[in-house]
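Coordinate analysis (summary)
Here is what each chain is made of, one letter per residue.
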Amino acid sequence: MNGEYRSAADSDLVARAAAGDGSAFHALVERHRAMVYRVAYQFAGNHHDAEDIAQDVFIKVYRSLERFRYDAQLTSWLYRIVMNACIDHRRRHAPAGWAPFTDDAELKMLNAPEEGPGPEETAYGLQLGEVLEAEIARLPPGQRLVFTMRHHEGLKLSEIADALGLAEGTVKRQLHAAVHRLRAALSASRVTVGGRA
Amino acid sequence: MSTCGLAAAGTIEQYFYGELTPADAARVDVHLRECAACRQHVDDLRAIRSALSARARVDAPPAGDWSGFTRRLDSAMPTARTRRTVIPWLAIAATLTLVTAGVFVTSRISRNQPTLQTPPASTSAQEAASAARLPQAVRPATNAGVASVADQSLVRHSEEHFERSKLVVLGLATLDPHQAHAGDWQHERELAGSLLPDTRLYRLAAEDRGMTDLARVLGDLETVLLETSMTDHPDRESLERVQRLIARRDLVVKMNVVGSGI
């Protein structure tokens with residue numbers, strides 16, 4: 001990335017990219033790819049899917065450059081695209097009828113064989129962080145996304161609700177449900193470690 | 001893992017993540033001095049934050065090598081560019097088709113309907129008339145041509161969707177919380193879950209087209225369906241919560257208004 005692009009504001013890069021400047025678009029990708037990849041990895045739990053999602057995000061960004069509202073923050077716009085790309089990715093790879101914010105999806109996730117052992121079993125030989133990460137990977141996609149955006153990315157509940165087109169109360173309940181499960185994993189981990197001591 | 005009402009409402013998470021107003025946060029501070037369960041909740045959140053912050057954050061492909069990602073993205077971009085050049089032509093073609101259809105519908109209406117009171121004679125005209133019957137609050141912009149035809153189509157599909165959804169909403173609204181069986185509840189939950197994706201799509205389409213009132217009714221329906229599909233315990237409290245939601249949003253009346261075009 002040359003100095004001109006490095007110091008340019010996001011909005012300038014978007015304007016240039018929308019006018020056909022490929023280098024400006026690459027500068028945008030380089031600037032924001034780490035954030036996009038981080039969220040995608042938190043959601044997908046593996047590099048292969050994280051890369052797929054990140055690619056989808058930047059292709060969508062490229063196709064909708066003209067629709068960017070210059071009075072908005074690029075990161076807010078990007079977060080919205082990332083969250084929707086995560087949901088779309090999950091939908092493409094899930095059985096028919098899957099919906100991201102229903103308990104049906106939760107049951108499917110819980111019953112899926114690739115989910116791995118529960119928190120009690122996972123606790124053995126693992127650090128607490130690993131136990132929690134394993135539990136995050138087992139959260140229903142909607143809860144996982146809300147928890148990731150709130151906890152890891154620091155988005156407000158209202159921002160998450162806006163990006164996902166949901167009521168703030170719904171997002172609040174999703175976060176609460178996610179935290180409830182992580183606390184249960186934490187508690188099980190304490191019991192397991194305590195029991196072994 | 002005991003809990004209290006404040007924690008069950010998600011307020012402790014809001015407190016922990018700094019999302020409460022100063023006054024509400026101060027009230028939670030006071031509460032925490034008295035409530036051991038909520039103190040434990042906050043301690044757990046701190047432990048979760050601490051344990052997760054110690055984990056490495058994955059924000060790049062393995063070994064930080066972006067070359068494969070960049071190569072694949074670059075190879076996808078020409079397709080994206082091609083689509084961008086093709087899309088305007090597709091849009092022009094689609095527009096011409098819609099304008100032609102709009103002119104056709106308008107001419108049929110003018111020919112077969114000298115006055116608005118005359119019943120429509122063709123399916124297309126019935127569709128147009130159906131949209132025209134909608135109350136002003138949910139009627140789309142009535143510019144003749146492209147937008148009008150597309151908007152009317154969306155309204156028509158939304159009406160049909162409301163008809164399907166009304167059965168669920170009415171079923172929920174009339175279930176007796178004291179006598180509802182688990183099977184009834186499960187049935188409504190499944191129906192609500194199956195209607196949810198379409199409701200969301202229609203709502204987003206209505207928002208995109210600036211049909212805010214229609215989008216609002218669809219949004220209310222989405223909230224009710226979501227709440228229903230998320231509730232897996234066939235208990236009285238859950239059903240009452242859903243029923244309060246339906247009543248508070250006046251959903252049955254709104255859906256009837258949109259559906260009947262009064």
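As a starting point, this report considers the structure included with it. Bear in mind the structure is a predicted one, so any value in this text is a computation, not a measurement. (Residues numbered from 1 in each chain as written. Chains lettered and ligands numbered in written order. Predicted model: local features only at pLDDT ≥ 70, side-chain atom pairs only at ≥ 80, totals over all residues. Heavy atoms only, no water.)

1. A short note on the pattern of salt bridges
A complete count under the given rule lists 13 salt bridges over all chains for this structure. E153(A) is paired through a salt bridge with R38(A); the nearest N and O atoms lie 2.8 Å apart. Remark: R38(A) occurs in helix α3 (residues 22-44) and E153(A) occurs in the loop between α9 (141-152) and α10 (157-164); sequence separation between them is 115 residues. The pair E153(A) / R38(A) is uniform in exposure class, with both members buried. Between D59(B) and R38(A) there is a salt bridge, and its shortest N-O distance comes to 4.0 Å. On the criterion of chain membership, the pair formed by D59(B) in the loop between α4 (36-53) and α5 (67-112) and R38(A) in helix α3 is interchain, its members lying in two chains. Residue classification places D59(B) among the partly exposed positions, given a relative accessible area of 28%. Looking at R38(A), the relative accessible area reads 14%, which means it is buried. Members of the salt-bridge network, linked through shared partners, are R38(A), E153(A) and D59(B). (Salt bridge = Lys/Arg side-chain N within 4 Å of Asp/Glu carboxyl O. Helix = DSSP H or I, 4+ residues; strand = E, 2+ residues; numbered from the N terminus. Buried < 20%, exposed > 50% of the residue type's maximum accessible area, 1.4 Å probe, protein only.)

2. A look at the interface of chain A and chain B
Chain A puts 54 residues into the contact, and the matching count from chain B is 50 residues. Roughly 5100 Å² of surface becomes buried between chain A and chain B when both sides are summed, with 58% attributable to carbon and sulfur atoms. Run the count over chain A and chain B and you get five salt bridges. Notably, a salt bridge pairs D44(B) with R183(A), separated by 2.9 Å at the nearest N-O pair. At the junction of chain A and chain B, the tally comes to 15 residue pairs in polar contact (both at pLDDT 80 or more). Those elements that provide at least two residues to the side of chain A that touches chain B are α3, α4 (47-63), α5 (74-92), α6 (103-111), α8 (128-138), α9, α10 and α11 (168-196) of chain A. (Contact = heavy atoms within 4.5 Å. Buried area = accessible area lost by both parts, 1.4 Å probe. Polar contact = N/O pair within 3.5 Å; in protein donor to acceptor, adjacent residues only side chain to side chain.)

3. Structural notes on helix α3 (residues 22-34) of chain B
Residue and element names in this part refer to chain B. Helix length check: α3 (13 residues) gives 19 Å between terminal C-alpha atoms against 18 Å at 1.5 Å per residue, within 8%. Residues A25, V28 and L32 constitute the buried set of α3. Seen along its axis, α3 keeps its buried residues to an arc of 55 degrees; they face one direction. Projecting away from the buried face of α3 at angles above 90 degrees are the exposed residues R27, R33 and E34. (Expected span 1.5 Å × (residues − 1). Arc of directions from axis to C-beta.)

4. Some points on unusual backbone geometry
All names here are of chain B. Of note in the backbone geometry, A63 takes a positive phi value of approximately 60 degrees without being a glycine. Take A63: it is sitting in the loop between α4 and α5. Residue classification places A63 among the exposed positions, given a relative accessible area of 87%.

5. So, the side chain of T223(B)
Residues and elements named next belong to chain B. Assignment of secondary structure puts T223 in helix α9 (residues 212-230). For T223, a relative accessible area of 14% gives the class buried. Within the structure, T223 has its side chain in polar contact with the backbone oxygen of G219 (distance 2.9 Å). Setting aside chain neighbours within four positions, we find T223 in contact with L245 and R249.

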